[in-house]
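Per-entry structural report
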Protein chains: 2
Amino acid sequence: MSDLGAQLRARGKRLTTQRERVLAAVGRLGHATPDEITDSVGDDGGAALPVSTVYRSLDALQELGLVGHTHVDHRSPSYHLAEHATHLHVVCRGCGWVGEVPLQMADELVARVDDQLGFAADVSHAAVHGLCRTCREAL
Amino acid sequence: MSDLGAQLRARGKRLTTQRERVLAAVGRLGHATPDEITDSVGDDGGAALPVSTVYRSLDALQELGLVGHTHVDHRSPSYHLAEHATHLHVVCRGCGWVGEVPLQMADELVARVDDQLGFAADVSHAAVHGLCRTCREAL
DNA sequence: CTACGTGCAAAGATTTTGCATCTTG
DNA sequence: CAAGATGCAAAATCTTTGCACGTAG
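Quick caveat, the model's predicted, so the values are computed rather than measured. (Residues numbered from 1 in each chain as written. Chains lettered and ligands numbered in written order. Predicted model: local features only at pLDDT ≥ 70, side-chain atom pairs only at ≥ 80, totals over all residues. Heavy atoms only, no water.)

**As for the protein's contact with DNA strand D**
Surveying the vicinity of DNA strand D reveals 22 residues, the closest of which are Tyr55(A), Pro77(A), Lys13(B), Arg14(B) and Gln18(B). Protein-adjacent atoms of DNA strand D, using a 4 Å cutoff, are sugar or phosphate at a proportion of 70%. Take Gln18(B): an N or O atom from its side chain is 2.8 Å from a phosphate oxygen of DNA strand D. Listing elements by their share of the surface near DNA strand D, those giving two or more residues are helix H4 (51-63) of chain A together with helix H2 (17-29) and helix H4 (51-63) of chain B. Taken together, the residues of the surface near DNA strand D sort by class into six nonpolar, seven polar and nine charged. (Near = heavy atom within 4 Å. Polar contact = N/O pair within 3.5 Å; in protein donor to acceptor, adjacent residues only side chain to side chain. Helix = DSSP H or I, 4+ residues; strand = E, 2+ residues; numbered from the N terminus. Nonpolar A, V, L, I, M, F, W, Y, C, P; charged D, E, K, R; others polar.)

Structural data, given as structure tokens:
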């Protein structure tokens with residue numbers, strides 16, 4: 001993936017195995033916390049990485065716009081590939097279930113916010129809380 | 001505010017000055033982190049409260065549904081009165097500005113999510129990221 | 001070579017917990 | 001009184017930082 005290298009270089013940064021491995025781990029996991037990513041990095045057969053490197057790599061990759069993150073629960077942000085950010089999250093307060101919803105469902109909201117505030121909303125980084133079908137019926 | 005007492009008692013909890021003061025502080029501040037709330041509690045002339053009590057009070061008040069919280073930035077949740085939750089937040093990635101948007105703007109999103117997933121979304125607890133008018137034009 | 005990045009360990013920041021003591025109901 | 005809450009300080013989490021050494025370009 002020399003493309004990654006090019007993007008990094010364009011920003012005065014460098015391509016390192018660590019960054020490649022962190023990016024790969026994020027891709028493998030879909031959505032994951034820094035902690036989960038750290039655990040997963042070793043799954044490619046290579047050596048484990050210190051958490052600090054994972055954090056710094058995520059920062060770098062985020063600066064390039066390759067990954068993004070959302071706050072699904074109280075603690076720990078959840079990282080995902082930017083290209084995978086074609087949805088927003090719904091998080092159940094009852095059971096913790098996390099679902100994905102196509103961005104288009106929020107089109108109207110985005111349009112209205114733009115209209116009234118001139119605010120360019122990026123809904124793909126949003127988490128909406130509520131109750132899933134099951135927990136809702138359980139009440 | 002005997003109502004607060006009644007609600008607490010109904011849950012097997014008790015009414016204490018600390019809880020009243022934390023609730024009052026949240027009301028005064030509108031939106032605030034546990035830290036800011038701790039600082040503000042003293043503003044009513046009373047003694048300061050230990051952070052742990054503030055956290056426990058917020059938990060209790062949240063359990064009663066009197067306060068809620070959102071994750072505006074990386075660290076620290078922001079608490080607000082539930083009755084004040086008539087809006088959702090838009091957070092500017094550029095300057096950190098936080099705006100409020102009437103819930104109705106998300107009505108369609110809520111309806112669609114309900115329709116397709118049976119998920120009861122509570123958008124008042126949501127933070128949508130993006131760029132405010134100013135930062136947007138600055139690009 | 002010369003930045004920039006990595007490892008490691010220590011420091012920060014934030015939240016939670018154990019326990020003796022005090023209060024509410 | 002008895003069940004809960006509080007205070008305080010210590011522990012647990014989660015993230016960031018300093019610094020000497022390694023390495024991409």
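Let us keep going from here.
**Thoughts on the relation of the copies chain B and chain A**
Mapping chain B onto chain A leaves a residual RMSD of 0.1 Å; the transformation is a rotation of 180° accompanied by 0.0 Å of translation along its axis. Accordingly, the operation relating the two chain copies is best matched by a two-fold axis. Most of the interface of chain B is mirrored in chain A, where 97% of its interface residues are also at the interface. (Least-squares fit on C-alpha atoms with pLDDT ≥ 70 in both. Contact = heavy atoms within 4.5 Å.)

**Concerning the packing of H2(B) against helix H3 (residues 34-41) of chain B**
Residues and elements named next belong to chain B. Contact geometry of H2 with H3 gives a least axis separation of 9 Å together with a crossing angle of 110°. What the angle tells us is that H2 and H3 run roughly perpendicular. Contact residues: Arg21, Val22, Ala25, Val26, Arg28 and Leu29 in H2; Glu36, Ile37, Ser40 and Val41 in H3. (Axes fitted to C-alpha atoms, helices over the stretch in contact; angles between N-to-C directions. Parallel < 35°, antiparallel > 145°, perpendicular 65-115°, else oblique.)

**A short note on the sheet that holds strand S3 (residues 87-92) of chain B**
The strand order across the open sheet built from four strands is S5(A)-S6(B)-S3(B)-S4(B), with neighbouring strands paired in mixed fashion. Taken across any chain shown, the strands that pair with only one partner, and hence form the sheet edges, are strand S5 (120-122) of chain A together with strand S4 (98-102) of chain B. Direction aside, the axes of adjacent strands within the sheet are offset by 40° on average. Where S5(A) meets strand S6 (residues 127-131) of chain B, three bridges bridge the pair, whose relative direction is antiparallel. (Pairing = 2+ DSSP bridges.)

**Here's the deal with the layout of surface pockets**
The space that makes up the largest pocket amounts to roughly 830 Å³. Around the largest pocket, the lining comprises 38 residues; the ones closest to its centre are Thr70(A), His71(A), His71(B), Val72(B) and His129(B). The set of elements that each furnish at least two residues to the lining of the largest pocket consists of strand S1 (67-70), strand S3 (87-92) and strand S6 (127-131) of chain A together with strand S1 (67-70), S3 and S6 of chain B. In this structure, the second largest pocket spans a volume of roughly 630 Å³. Lining the second largest pocket are 22 residues, and of these His74(A), Arg75(A), His74(B), Arg75(B) and Ser76(B) lie nearest its centre. Counting residues per element, the ones that place at least two in the lining of the second largest pocket are helix H3 (34-41) and H4 of chain A together with H3 and H4 of chain B. In terms of residue count, the dominant contributor to the lining of the second largest pocket is H4(B) (three residues). For the lining of the second largest pocket, the class distribution of residues is nine nonpolar, seven polar and six charged. (1 Å grid on protein atoms, 1.4 Å probe; cavity = no way out; pocket = protein on both sides within 12 Å on 5 of 7 lines; lining within 4 Å. Points joined across faces, edges and corners; volume = space filled by probe spheres on them.)

**Observations regarding the side chain of Thr70(B)**
Along the chain, Thr70(B) turns up in strand S1. Contact partners of Thr70(B), with chain neighbours within four places excluded, come to Pro77(B), Ser78(B), His80(B), His89(B), Ser124(B), His125(B) and Ala126(B).

**Observations regarding the side chain of His80(B)**
Structurally, His80(B) can be placed in strand S2 (residues 78-81). Apart from residues no more than four positions distant in its own chain, His80(B) is found in contact with Val26(B), Gly30(B), His31(B), Leu66(B), Val67(B), Gly68(B), His69(B), Thr70(B), Ala85(B) and His125(B).

**Some words on the protein's contact with DNA strand C**
Taken together, 22 residues are adjacent to DNA strand C, and Arg14(A), Gln18(A), Arg19(A), Arg14(B) and Tyr55(B) come closest. The side chain of Ser52(A) places a nitrogen or oxygen atom 3.3 Å from a base nitrogen of DNA strand C. Counting residues per element, the ones that place at least two in the surface near DNA strand C are helix H2 (17-29) and H4 of chain A together with H4 of chain B. The residue inventory of the surface near DNA strand C, partitioned by class, reads six nonpolar, seven polar and nine charged.

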